[in-house]
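# Descriptive analysis of the structure
Here are the chains, one letter per residue:
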Protein chains: 2
Amino acid sequence: MAIGRRPGAYECGIDAAMDVIAGKWKVLILWALNERACRFGELRRLLPGVTEKVLASHLRELEADGIVHREVYDEVPPRVEYSLTSLGVMLNEALAPLGAWGREHILGNMEKVSHVQR
Amino acid sequence: MAIGRRPGAYECGIDAAMDVIAGKWKVLILWALNERACRFGELRRLLPGVTEKVLASHLRELEADGIVHREVYDEVPPRVEYSLTSLGVMLNEALAPLGAWGREHILGNMEKVSHVQR
DNA sequence: CAGTATCCTGATAGATACTG
DNA sequence: CAGTATCTATCAGGATACTG
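Rules used throughout
Residues numbered from 1 in each chain as written. Chains lettered and ligands numbered in written order. Predicted model: local features only at pLDDT ≥ 70, side-chain atom pairs only at ≥ 80, totals over all residues. Heavy atoms only, no water. Axes fitted to C-alpha atoms, helices over the stretch in contact; angles between N-to-C directions. Helix = DSSP H or I, 4+ residues; strand = E, 2+ residues; numbered from the N terminus. Parallel < 35°, antiparallel > 145°, perpendicular 65-115°, else oblique. Contact = heavy atoms within 4.5 Å. Nonpolar A, V, L, I, M, F, W, Y, C, P; charged D, E, K, R; others polar. Buried area = accessible area lost by both parts, 1.4 Å probe. Salt bridge = Lys/Arg side-chain N within 4 Å of Asp/Glu carboxyl O. Polar contact = N/O pair within 3.5 Å; in protein donor to acceptor, adjacent residues only side chain to side chain. Least-squares fit on C-alpha atoms with pLDDT ≥ 70 in both. pLDDT = per-residue confidence, 0-100. Pairing = 2+ DSSP bridges. Near = heavy atom within 4 Å.

Here we take up the packing of helix H1 (residues 13-21) of chain A against helix H5 (residues 86-105) of chain B. In the contact formed by H1 of chain A and H5 of chain B, the axes pass within 7 Å of each other and the chain directions differ by 85 degrees. The angle between the axes of H1 of chain A and H5 of chain B places the two elements in the roughly perpendicular class. Touching Gly-13, Ile-14, Ala-17, Met-18, Val-20 and Ile-21 of chain A of H1 of chain A are Leu-95, Leu-98, Gly-99, Trp-101, Gly-102 and Arg-103 of chain B, all from H5 of chain B. Its residues placed into classes, the contact of H1 of chain A with H5 of chain B shows eight nonpolar, three polar and one charged.

This is how it looks when you write it as structure tokens:
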């Protein structure tokens, strides 16, 4: 039931939310899954540099926090798909302004497009 | 000029923004400074558990990233005030939805109030 | 008051090899 | 394919003492 790594120890909402997305690759995982459901191997390829161990543990934590859903298909070869839960979708939406801020003030003035970006 | 700890290495805006606020106490510092400018000792008291070393290094990084302004008053005893820059204010505003998400979905249904919270 | 200077530790992540 | 199991490395953060 408890979400995050330090249940009940948060000072405020941002502190709590930060804990859920703390992890070197977590926001990138959320970004990738925002488009569509992905298999483990796909995610690994979408996140150049991540190791299997770290990707797996991040996915386990996001799953435990109710952010991503893990669907196992009983096939051979095995197929597992990760997707955002509704909570994950809402988290992504809550992250959008932060992404806009970073894109505008850190990445510099890239071309302005109308559709949602990170 | 470059902002963040890994200039030019960001995949997207959120990745970049996360880097700026990565640090155990940074969002709490931003939260505190959102109200008003604070002295070093005030911040230390507002963040129970932070050590002087960590608080100082976080403030240096936030200053280097253009998020907080450090104003030194040439007095005895010494007085230094930290405040948000306009970029810091914008960052805080971009963090507001994330704070709302965390407050609503992690901290649980606390009493709803109309003014801005974390 | 507002910090530095050292030293130290623990959590997180990377490397690599192996498995159902 | 989708992971687990070990081992190692790094480094952010903490403890403590000291200073302009």
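The next thing to look at is the interface of chain B and chain A. Between chain B and chain A, the residue contacts involve 31 residues of the former and 31 residues of the latter. Between chain B and chain A, the buried area comes to about 3,000 Å², and carbon and sulfur atoms account for 85% of it. Among the residues of chain B in contact with chain A, Ile-14, Leu-98 and Trp-101 of chain B are the three that bury the most area, contributing 23% of the side total. In this assembly, chain B and chain A are joined by zero salt bridges. Put simply, chain B and chain A have zero residue pairs in polar contact (both at pLDDT 80 or more) between them. For the side of chain B that touches chain A, the secondary structure elements donating two or more residues are helix H1 (13-21), helix H2 (26-35) and H5 of chain B. A per-element tally of the side of chain B that touches chain A places H5 of chain B first, with 12 residues. Taken together, the residues of the side of chain B that touches chain A sort by class into 23 nonpolar, four polar and four charged.

With that out of the way, let us pick up the relation of the copies chain B and chain A. The two chain copies are related to each other by a rotation about an axis together with a translation along it. Under the fitted operation, chain B is carried onto chain A by 0.0 Å of movement along the axis and a turn of 180 degrees, and the coordinates agree to an RMSD of 0.1 Å. Within this description, the copies of the chain are treated as partners about a two-fold rotation axis.

Once that is clear, we can look at the confidence of the model for chain A. Per-residue pLDDT for chain A averages 91, and the proportion of residues at 70 or more is 91%. Contacts of residues 111-115 of chain A to residues separated by more than four positions or lying in other chains number zero contacts, the stretch itself having pLDDT below 50.

Below, the discussion takes up the sheet that holds strand E2 (residues 68-73) of chain B. Residues and elements named next belong to chain B. With antiparallel pairing, three strands are arranged side by side in an open sheet as E1-E3-E2. Two strands in the sheet have a free side with no partner beyond their single neighbour: strand E1 (38-39) and E2. With two bridges connecting them, E1 and strand E3 (residues 79-84) associate as antiparallel partners. Each bridged residue has a counterpart across the sheet, and for Arg-39 the counterpart in E3 is Glu-81. Along the sheet face, H2 touches E1, E2 and E3 and points at about 95 degrees away from the line of E3. Most of the contacts of helix H4 (residues 52-64) go to E2, to which it runs at about 110 degrees, and overall it touches E2 and E3.

Turning our attention to the environment of Tyr-10 of chain B. Its place among the elements puts Tyr-10 of chain B in the segment before H1. Spatially, the C-alpha atoms of Tyr-10 of chain B and Trp-25 of chain B are 22 Å apart, while their sequence positions differ by 15 residues. Residues in contact with Tyr-10 of chain B, not counting those within four places in the same chain, are Ile-106 and Leu-107 of chain A together with Ile-3, Gly-4, Arg-5, Asp-15, Ala-16 and Asp-19 of chain B. Only 2.6 Å separates the side chain of Tyr-10 of chain B from the side chain of Asp-19 of chain B, close enough to count as a polar contact.

Our focus in this paragraph is the protein's contact with DNA strand D. As a matter of local geometry, DNA strand D sits amid 22 residues, with Arg-39, Arg-70 and Tyr-82 of chain A together with Lys-24 and Lys-53 of chain B nearest to it. The sugar-phosphate share of atoms of DNA strand D within 4 Å of the protein amounts to 63%. The side chain of Tyr-82 of chain A places a nitrogen or oxygen atom 2.6 Å from a phosphate oxygen of DNA strand D. For the surface near DNA strand D, the elements supplying multiple residues, two or more each, are helix H3 (40-46), helix H4 (52-64) and strand E3 (79-84) of chain A together with H4 of chain B. Of the residues contributing to the surface near DNA strand D, the split by class is nine nonpolar, four polar and nine charged.

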